[in-house]
Amino acid sequence: MMLKNNSSQYGLVSVLMHWLMALAIFALFAVGFWMVDLNYYSEWYRTAPYWHKSVGILLAAALLLRLIWRRISPPPLPLATHHSWEKKLARVVQFCLYLGLIILFISGYLISTEDGRAISVFDWFDVPSAGALFANQADIAGVIHQYTAYSLITLAVLHGLAALKHHVIDKDHTLKRMFGHKP
């Protein structure tokens, strides 16, 4: 398998970034959903947010690398069998997925750093705090973070279902290409 994308298939770098980010997104959603109900006396009260923030910061870095990689190695062209509405909808959903991730990263950062403390990423490095930038920052950012997470996971599920539709119903190579197969 080649490293870079070409006009008809995804390369190894794009395939690995796609699936690792998808795994991280679903894992972060599950952990986030679970940890909001933790109480102060839970053994996970401090550990779960620490892991959630650390993986979230690494995912933000991965997104930046992925966007740079898209400039270096543009994705393959849509299949000729795709309808024009499918191509347009795919672009809109992809844009919304990227935008949703950016909003999640910013809102998560604003929640975590309102008190002036940096975010420690697995004790490897710290992301400095900007402190409180506006009133009720953590609460407002928390609501944005929550609803953006639900929206993002809904879009990701629809994205996956669309890929399955292409594979099972249309019997085209859309899904196979994201596993690095040639059409």
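Since this is a predicted model, take the numbers as computed values, not measurements.

**Student:** Where do I start with the packing of aromatic side chains in this structure?
**Tutor:** Two measures describe an aromatic ring pair: the distance that separates the ring centres and the angle between the ring planes. In this structure the tally under the stated criterion is 9 aromatic pairs. When the centroid spacing of 6.2 Å and the interplanar angle of 25 degrees are considered together, the rings of Phe-29 and Phe-33 count as stacked. Residue Phe-29 and its partner Phe-33 are located together in helix H1 (residues 12-35), separated by 4 residues, close to a single helical turn. Ring geometry for Tyr-40 against Tyr-41: centres 5.4 Å apart, planes inclined by 85 degrees, an arrangement best described as edge-to-face. Three or more aromatic residues link up through ring pairs in this structure, and these residues are Tyr-50, Trp-51, Phe-122 and Trp-124.

**Student:** When you look at the packing of H1 against helix H4 (residues 137-168) in this model, what are you seeing that I'm missing?
**Tutor:** Any two packed helices are characterised by the angle at which their axes cross and by the distance between the axes. For the pair H1 and H4, interaxial distance at closest approach is 11 Å and the crossing angle is 135 degrees. As judged from the angle between their axes, H1 and H4 are oblique. H4 is crossed by H1, and the crossing has left-handed handedness. Packed against H1, whose contacting residues are His-18, Ile-25, Phe-26, Phe-29 and Phe-33, the element H4 presents Ala-149, Tyr-150, Leu-152, Ile-153, Ala-156, Val-157 and His-159 at the interface. Class assignment of the residues belonging to the contact of H1 with H4 gives a composition of 10 nonpolar, 2 polar and no charged.

**Student:** Would you mind going over the environment of Gln-9 with me for this structure?
**Tutor:** Mapping Gln-9 onto the fold places it in the segment before H1. Gln-9 gets classed as buried once you look at its relative accessible area, which sits at 5%. Between the C-alpha atoms of Gln-9 and Ile-68, which are 59 residues apart in sequence, the distance is 18 Å.

**Student:** How do you make sense of the side chain of His-145 when you look at a structure like this?
**Tutor:** With respect to the helices and strands, the residue His-145 is situated in helix H4. Those residues in contact with His-145 that sit more than four places away from it in its chain are His-52, Leu-104, Ser-107, Gly-108 and Ile-111.

**Student:** What is the right way to read the pattern of salt bridges from this model?
**Tutor:** Pairs may arise between side chains of opposite charge once their charged atoms sit close together. What the rule picks out here adds up to 3 salt bridges. Between Arg-117 and Asp-115 there is a salt bridge; the shortest N-O distance is 2.5 Å. Across the salt bridge formed by Asp-170 and Lys-165, the nearest N and O atoms sit 2.6 Å from each other. On the basis of relative accessibility, which here comes to 28%, the residue Lys-165 falls in the partly exposed class. If you follow the salt bridges from partner to partner, you end up with Glu-86, Lys-165 and Asp-170 in one network.

**Student:** Looking at this structure, how should I read the nonpolar core?
**Tutor:** Taken as a class, soluble globular proteins show a tendency for nonpolar side chains to be buried jointly. Within the largest apolar cluster, 16 residues are counted, with the highest numbers of intra-cluster contacts made by Ile-25, Leu-59, Leu-63, Leu-101 and Leu-152. Looking at this core, the elements that each hand over two or more residues are H1, helix H2 (47-72), helix H3 (84-113) and H4. Broken down by element, this core gets its largest block of residues, 6 residues, from H3. By size, the runner-up hydrophobic cluster in this structure holds 5 residues, among which are Ile-57, Ile-119, Phe-122 and Val-127.

**Student:** Even after reading the chapter, I still don't get a nonpolar patch on the surface, so can you show me in this structure?
**Tutor:** A surface patch of nonpolar side chains, about 610 Å² in accessible area, is lined by Phe-95, Leu-99, Ile-103, Leu-133, Phe-134, Ile-140 and Ile-144. Of all the elements in the fold, those that place two or more residues in the nonpolar patch are H3 and H4. Along the chain, Phe-95 falls in helix H3. Using a relative accessible area of 55% as the deciding quantity, one classes Phe-95 as exposed.

**Student:** For this particular structure, what's the right way to read the packing of H1 against H2?
**Tutor:** It is the contact of H1 with H2, at a shortest axis distance of 10 Å, that shows an interaxial angle of 155 degrees. In terms of their interaxial angle, H1 and H2 are classed as roughly antiparallel. H2 is crossed by H1, and the crossing has left-handed handedness. Together, Val-13, Ser-14, Met-17, His-18, Met-21, Ala-24, Ile-25, Leu-28, Val-31, Gly-32, Trp-34 and Met-35 of H1 and Ala-48, Pro-49, His-52, Val-55, Gly-56, Leu-59, Ala-62, Leu-63, Leu-65, Arg-66 and Trp-69 of H2 make up the contact between the two elements.

Reading the values: rules and limits
Residues numbered from 1 in each chain as written. Predicted model: local features only at pLDDT ≥ 70, side-chain atom pairs only at ≥ 80, totals over all residues. Heavy atoms only, no water. Phe/Tyr/Trp six-rings, centres within 6.5 Å; stacked < 30°, edge-to-face > 60°. Helix = DSSP H or I, 4+ residues; strand = E, 2+ residues; numbered from the N terminus. Axes fitted to C-alpha atoms, helices over the stretch in contact; angles between N-to-C directions. Parallel < 35°, antiparallel > 145°, perpendicular 65-115°, else oblique. Left-handed = near helix turned anticlockwise from the far one by under 90°. Contact = heavy atoms within 4.5 Å. Nonpolar A, V, L, I, M, F, W, Y, C, P; charged D, E, K, R; others polar. Buried < 20%, exposed > 50% of the residue type's maximum accessible area, 1.4 Å probe, protein only. Salt bridge = Lys/Arg side-chain N within 4 Å of Asp/Glu carboxyl O. Core = buried A, V, L, I, M, F, W, Y, C linked by side-chain atoms within 4.5 Å. Patch = residues over 30% accessible without salt bridge, like charges linked within 9 Å, V, L, I, M, F, W, Y side chains within 5 Å. Areas by Shrake-Rupley, 256 points an atom, 1.4 Å probe, with all protein chains shown as cover.

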